[in-house]
Amino acid sequence: MSVRLKLTLSYAGFVMLAGALLLATVWVFLLRYVPDGPIRVLGPFVPNQSDLLSAFAPRAAAVWAFLLVFGLVGGWILAGRMLTPLTRITQATRMAASGSLSHRIRLQGPRDEFRELADAFDTMLMRLEAHVAEQQRFAANASHELRTPLAISQTLLDVARNDLNRDTGELLDRLHTVNTRAINLTEALLLLSRADKRSFTRLHVDLSLIAEEATETLLPLAEKRGLTIETSGDMTPTIGSHELLLQMTTNLVHNAIVHNLPEQGTVWVTTSVQPKAVVLTVENTGEKLAPQLVSTLVEPFQRGTKRIRTDHAGVGLGLAIVKSIAQAHDGTLALAPRPAGGLRVTVRLPAHHPSRSRSASWPSSFPNGARESPSS
């Protein structure tokens, strides 16, 4: 049976039960006190219990039948009106199942259970539509980015086939560069998918040590560009994947180095502890950035300025990977332009304070890539 039919039968059953209780009340409190048999009195006729029953029973049966019909018809109408919002929600669900995610219920009326369900469903559709659009945009951008190195490789091979006297050494170098870029892009896509699926083991890690490891790895690049890296911070315990958090921090420091001033630039790497969070902050000098541009940097394949054709050019997924890794660790990512130029990136992750902790700090600086060994 449908829900509407069940509600109708329930309403009719309650009406019939109420009618039966009313008739039983008449019997208990009225008819049982009337004596049965003939009543001898002088004067007009006085009915006894049998007379009252014979007169009352047919009319009570008629009233009971009326209550049955009234309960069924009225219950059917009331159930239909009450289930109208549910019908709209069902129609919206079918439209969403067919692929139309732009439809919204927008249920009006008092904020009852149906209104809350409809609003929750609208919110789900809105987020799902945005997620699908983001995935489609990401797939289109990834296809474009992967097609570019493949097309370049095809062109180089065609040139080599048509010109057999061409220097193969230069051709191999260019093919190696293009192939390396394609491999890096594929690895970045796999890393991004892994972070989105949260398919990693969570361990106790120290974000300050991870930041120190990432900074030491990128010291040659900073030295080559003549940058100064200043680091400071306290022990920042959290729970997560050491590999993913190291990749996240490396991406942030790498971006801060690459997107910096041509010379005499600075990168600041700081970790701090809050009551319920650990914070990693990476700042760098550079050109002044508009807030509208900064808000788009976390989108896949978005670059803050023109494409950088260097040995350390990225694939446009650096900050997108950082955002996915932070979200996979139940954290947040915030970007803000520095007033003097450059970018400030802040990552907040849930703090995990072990029962026994040691105080540690690793303040240091890297003038032109040179630094002393960390204290911890």
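Preceding block: the structure.
Residue indices begin from 1 for each chain and proceed along its sequence in written order. With pLDDT at 70 or above as the cut-off, local features in this predicted model cover only qualifying residues; side-chain atom pairs require 80 or more to be listed or tallied, and sums for whole chains, interfaces and linings still use all residues. The side-chain numbers reported here are obtained from all heavy atoms of the structure, hydrogens and water having been left aside.

### A closer look at the nonpolar core
Phase 1 of the analysis: Put simply, buried Ala, Val, Leu, Ile, Met, Phe, Trp, Tyr and Cys residues joined by side-chain atoms within 4.5 Å make one nonpolar core. Burial classification: accessible surface area is computed with a 1.4 Å probe over protein chains only, and a residue below 20% of its type maximum counts as buried, one above 50% as exposed, and the rest as partly exposed. If you look at the biggest cluster of nonpolar residues, it comprises 45 residues, and the most contacted ones within it are M248, L252, I257, V269, L280 and V347.
Phase 2 of the analysis: Residue contributions to this core peak at nine residues, all from helix α8 (residues 242–258).
Phase 3 of the analysis: In this structure, I89, A92, A96 and I105 belong to the second largest nonpolar core, which totals nine residues. Under the DSSP-based scheme used, a helix requires at least four consecutive residues in state H or I and a strand at least two consecutive residues in state E, with every element numbered from the N terminus.

### Structural notes on the pattern of salt bridges
Phase 1 of the analysis: A pair is scored as a salt bridge if a Lys or Arg side-chain nitrogen falls within 4 Å of a carboxyl oxygen belonging to Asp or Glu. Taken as a whole and assessed by the stated rule, the structure comprises four salt bridges.
Phase 2 of the analysis: One salt bridge in this structure joins E129 and R104, with 2.7 Å as the shortest N-O distance. Of the two residues, E129 is situated in helix α4 (residues 113–162) and R104 in the loop between α3 (84–97) and α4; the sequence distance between them amounts to 25 residues.
Phase 3 of the analysis: Using a relative accessible area of 31% as the deciding quantity, one classes E129 as partly exposed.
Phase 4 of the analysis: Overall, R104 belongs to the buried group, its relative accessible area being 14%.
Phase 5 of the analysis: The salt bridge involving D119 is made with R115; its shortest N-O contact spans 3.2 Å. Placement of the pair is D119 and R115 together in helix α4, with a separation of four residues, close to one helical turn.
Phase 6 of the analysis: A relative accessible area of 23% means that D119 is categorised as partly exposed.
Phase 7 of the analysis: Using a relative accessible area of 17% as the deciding quantity, one classes R115 as buried.
Phase 8 of the analysis: Each of E283, R338 and R344 takes part in a single network of salt bridges with overlapping partners.

### Comments concerning the packing of aromatic side chains
Phase 1 of the analysis: What counts as a ring pair is set by centres within 6.5 Å for rings of Phe, Tyr and Trp (its six-membered ring), and what kind of pair is set by the plane angle: stacked under 30 degrees, edge-to-face over 60, tilted for all other angles. Using the criterion set out here, one finds one aromatic pair in the structure.
Phase 2 of the analysis: A ring pair is formed by F66 and F70, whose centres lie 6.0 Å apart and whose planes are at 25°; its orientation type is stacked. Of this pair, F66 and F70 both sit in helix α2 (residues 49–82), four residues apart, which is roughly one turn of the helix. In this structure, F66 and F70 share a single accessibility class: exposed.

### Quick look at the pairing of strand β4 (residues 266–273)
Phase 1 of the analysis: Any two strands with at least two DSSP bridges between them are considered paired. One ladder, built from six bridges, connects strand β2 (residues 228–233) with β4; its direction is parallel. Bridge assignment links T231 to a residue of β4, and that residue is V269.
Phase 2 of the analysis: Bridge count for β4 against strand β5 (residues 277–284) is seven bridges, and the pairing is antiparallel. In the strand pairing of β5, V267 is matched with N284.
Phase 3 of the analysis: Hairpin remark: β4 followed by β5, antiparallel, with three residues in the connecting loop.

### A word on the packing of helix α6 (residues 207–217) against α8
Phase 1 of the analysis: Lines are fitted to the C-alpha atoms to define the axes, a helix being fitted only along its stretch in contact, and any angle between axes, read from their N-to-C directions, falls within 0 to 180 degrees. Relative to each other, α6 and α8 sit at 55°, their axes nearing to 9 Å. Between α6 and α8, the interaxial angle falls into the category oblique. For α6 against α8, the interelement crossing comes out right-handed. Of α8, the residues touching α6 (which contributes L207, I210, A211, E213, A214 and T215) are H242, L245, L246, T249, T250 and V253.
Phase 2 of the analysis: When residue character is reported, Ala, Val, Leu, Ile, Met, Phe, Trp, Tyr, Cys and Pro are called nonpolar, Asp, Glu, Lys and Arg charged, and the others, Gly included, polar. Of the residues that constitute the contact of α6 with α8, the class distribution is seven nonpolar, four polar and one charged. Working definition: roughly parallel below 35 degrees, roughly antiparallel above 145 degrees, roughly perpendicular at 65 to 115 degrees, and oblique for all remaining angles. Note on convention: the crossing is left-handed when the near helix lies turned anticlockwise from the far helix by less than a right angle, right-handed when the turn is clockwise. Should any heavy atoms of two residues lie within 4.5 Å, those residues are considered in contact.

### Things to note about the side chain of H329
Phase 1 of the analysis: Checked against the element boundaries, H329 lands in the loop between α10 (318–328) and β6 (332–337).
Phase 2 of the analysis: Residue classification places H329 among the buried residues on the basis of a relative accessible area of 2%.
Phase 3 of the analysis: One polar contact links the side chain of H329 to the main-chain amide nitrogen of S241, over a distance of 3.0 Å.
Phase 4 of the analysis: With residues near it in sequence (within four places) discarded, H329 still touches F200, R202, I239, G240, S241, L244, L245, L349 and P350. What qualifies as a polar contact is a pair of N or O atoms within 3.5 Å, subject to a donor-acceptor requirement within protein and to the restriction that residues adjacent in sequence count only when both atoms come from side chains.

### Remarks on the environment of S100
Phase 1 of the analysis: Along the chain, the position of S100 falls in the loop between α3 and α4.
Phase 2 of the analysis: Spatially, the C-alpha atoms of S100 and L125 are 9.6 Å apart, while their sequence positions differ by 25 residues.

### Description of the packing of α8 against α10
Phase 1 of the analysis: Remark: α8 packs on α10, axes separated minimally by 9 Å, with the N-to-C direction vectors making an angle of 145°. Our pair here, α8 against α10, has a crossing hand that is left-handed. Counting all contacts with α8, which are made through L244, L245, Q247, M248, N251, L252 and N255, the residues of α10 involved are G318, L319, I321, V322, I325 and A326.
Phase 2 of the analysis: By residue class, the composition of the contact of α8 with α10 is nine nonpolar, four polar and no charged.

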